[in-house]
Every structure is written in C-alpha cells, then in structure tokens.
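Each chain is listed here by its residues.
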Amino acid sequence: MKKRIPYILLIWLLADIYFFNAIRTLTTEPLILFGYWLLDVLLAGGVMLAFFGDLRKRSPKLISWLMAGMLLVFVPKLFALPVLLLEDVVRLFRGFPPRSVWVSELAMGIAAIPFLGLLFGLTRGRHHYVVHKETLYFKDLPAKFDGFTLTQLSDIHAGSFTSEKGVNKGIDLVNRQNSDLLLFTGDLVNNKASEMDPWKESFARLRAPFGKYSVLGNHDYGDYTTWDNTADKEANLRQLKNMHKEIGFRLLLNEAIKIEKDGEKISLIGVENWGKGGFHKYGDLLKAAGNVTDSEFKILMSHDPSHWEAKTLLHEKRIDLTLSGHTHGMQFGIELFGFKWSPIKYVYKQWAGLYEKKGKYLYVNRGFGFLGLKGRVGIWPEITVITLRKR
C-alpha cells in the first residue's frame, strides 16, 4: 500500500489543479483560493505522515479524520471532472477561450451531490442499519427446518462505537426480525476485550429461541496492538472469550454443535479466523467438522470469506451454507438498483452479499460496526436474515 501512496497523491494533485481552474472562474477572492490549497496541503501531509511515520499506531482517531477529509475533498471532484473535460474538448476547437461561468457552476453543482452523500455517510451512515433478506433452498435440509430463520451479525468492532442510542437502534432492529437462531461471525472488538465493557448490557439484549452462537475474527486476537508481554495478550484473549459468554453467545472454537428442532438436527460449525495472505490462520476446518457426517445439513461460520474458496469448497464434507464478514464492503461504495461496487472487490472476490457455486452458498455480511473510517458511505451497516427452505 505504501508504494501506491505517491501515485494516489499525484492523481489527487492533478485533479486538484484541474478543479481549481473552475474555482478561479467563479471567484478571485484570495482567502478562498488560499484556503483551497491549504486544506489540500494539510491533508496530503497528514497522509504522508500516517503511512510513512508511525501515526497509525499513535493516533488512530486522527487517521479516521484524515480518511474522512480525503473522501470529502477528493471524490466530489472526480464526479465534476468529466464536465470540465468535455468543455475543454469544445474549447480546443474554439481556440481555448476563457472557461464558461455556467459550466463551472454546473461542475460545482454536480460535485455537491456526492459531497452531501459523503457527508451523510460520515455523520449518519454508521448507524444507518439495513436488513438484507435471503431465502435459500436446499435438498438435504431436514423437513422440520423448512422455514427456519437465521439472523447473522458480523464485525461489531465495539471499540469504534460512541453513540449508545445508535447502537441500541441496531439491536432493536435485530430483535424485531424474530429469527430462530442468531449467529455472529467475528470481530467483536478492534483490539482489546475491554472495548466491549460499555456495550455489554446492550448486546446481552439480543435474543433468539434456538440460541446465539459466535466465532472469532482477526481483530479479536489482539494482533494489531502492542502488548507489554505475551501473558497480557493471552489474558486479553481469555477475557474476550469470556465476554462472548457474558453477552449470551456460545463461542465456537474449531468445533461443531447440533441445532435440534422437533427431533431433527442440523450441524452448526464454527472455525477460528482463517484468512488468505498475511492474515493468521487459526482456523481448522478438518478439526471443526471432524465429528460431523457428510449426510448432515451443515452451516459454517468463518469470519474471512477467502476461506470459502481456499478451503471450504474443497472440503471432503459438503458445507451447504457458509457465513462470513470481515470486508465491511470497505464501508464505501455504491449499491443502487441491483448494482453493487466497492474498491474492496479488487481485493476479495466475495465481498458482500450472496454467492453460490454448485449449490453451495456463501453469504458475506457487510458488518454491523465500523473501523478506521468513522462512518459508512453507500455500504450501510447490515443485519442479515436468511430463511432456509426445503427444495
């Protein structure tokens, strides 16, 4: 990522220079023109310090503000640039007369639309919860489970929360789904178990008649913070595991349990975090599914969706449905009228929503909380409700 920063800043600078010409067409006020460049210089300097210094470890809140500032300053200009470019093509054949005031005003108006959208996402989007519903059909689903409902949550990241009202809004919405089973697919905290202390009572209110189950995500192990010694890190993990119990979740650590309904059963498998690339591979699917027969209907909770293609689809026992999270949909993107895009798609093939291969399904939850960027733009926090039907 560090190698890309200079190129990103170069693109930013070129877009800024081009957009500045439109600003200058509309005003010659020195303070406005000076402020335009001062803001960009401060943001660019902050980005350089963040990635080439140790600012990320010392001031994560400042990093969040830098990310928000970059989005607000840079993205709206990208939307306005095509208008300015089109005018310049026309000006090229007319001997480059001065830029038209009305075209610059149009460019500003177009830039205002994504600016307001970004502003909403950064101020209100973090608790703009959306319920995504899916109905999935399976041949091997036991008859008694026809119509059985699951609510999936993922990526709570309690250390990022600041609004009790906002969090409780989401929890109330979860409970209103009245699902049979509640499943949480990891990342309860950002780094430390203590981040969950202010939110225990809120999340203990979650309810489901057939139980609440969970797995660990990559952030739950305390791998992304500095510890005085190994013993402190290990104690933190024990505290976090106990926290799952305190809020009423049965934590599955490379193991499987049975969910029974009217004498029939399905298997719920939970693995520890397993991620491609540099992510730790604590998960052991062979161990977790060791006592599960191939004929049973199986649901797997695995935090990182890269586990699905790397291990789950290749497993000797058929895994009917895998539930993951991890990506957050990058907390930035577009979802409109069936169209779905986020920069995270260039990192993860399966990054949000439902995927299917040969009758095996993966659902990637967009996350309940947020991390880094103190908001969500276009990719809203998610509560997933899946209905199982027998085919």
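In case you missed it, the structure is sitting above this.
Definitions and limits used
Starting from 1, residues in each chain are numbered consecutively following that chain's sequence as written. With pLDDT at 70 or above as the cut-off, local features in this predicted model cover only qualifying residues; side-chain atom pairs require 80 or more to be listed or tallied, and sums for whole chains, interfaces and linings still use all residues. Remark: hydrogens and water are excluded; side-chain values derive from all non-hydrogen atoms of the structure. For the purposes of this section, nonpolar cores are sets of buried Ala, Val, Leu, Ile, Met, Phe, Trp, Tyr and Cys residues that join through side-chain atoms within 4.5 Å. Categorising residues by exposure relies on relative accessible area from a 1.4 Å probe, with only protein chains included: less than 20% of the type maximum marks a residue as buried, more than 50% marks it as exposed, and the intermediate range marks it as partly exposed. Numbered from the N terminus, helices here are DSSP runs of H or I no shorter than four residues, and strands are runs of E no shorter than two. The contact definition used throughout considers only heavy atoms, calling two residues in contact when any of these lie within 4.5 Å. Here, a strand pair is defined by DSSP locating no fewer than two bridges between the strands.

Here we take up the nonpolar core. Counting residues in hydrophobic clusters, the biggest one holds 30 residues, and the most contacted among them are Phe-161, Met-196, Phe-203 and Phe-368. Those elements that provide at least two residues to this core are α6 (164–176), β3 (181–184) and α8 (230–246). Looking at this core, the element that brings in the most residues is α6, giving four residues. Apart from the residues lying within four places of it in its own chain, the contact partners of Phe-161 are His-127, Ile-156, Val-167, Trp-199, Phe-203, Phe-368, Gly-369 and Phe-370. Within the second largest apolar cluster, 24 residues are counted, among which are Phe-138, Leu-268, Phe-297 and Leu-388.

With that out of the way, let us pick up the sheet that holds β3. Strand order in the open sheet formed by six strands is β1-β14-β2-β3-β4-β5, and the pairing between neighbours is mixed. Two strands lie at the open edges of the sheet, namely β1 (130–138) and β5 (250–251), each paired on one side alone. Summarising the sheet, strand β4 (residues 212–214) and β5 pair through two bridges and their orientation is parallel. Following the sheet pairing, Tyr-213 is matched in β5 by Arg-250.

Within the element layout of this structure, Asn-236 appears in helix α8. Residues contacting Asn-236, with those up to four places away along its chain left out, are Asn-191, Lys-192, Ala-193 and Trp-227.

What follows deals with the environment of Ser-267. By the secondary structure assignment, Ser-267 is in strand β7 (residues 264–270). Apart from the residues within four sequence positions on either side, Ser-267 is in contact with Ile-257, Lys-258, Val-292, Glu-296, Phe-297, Lys-298 and Ile-299.

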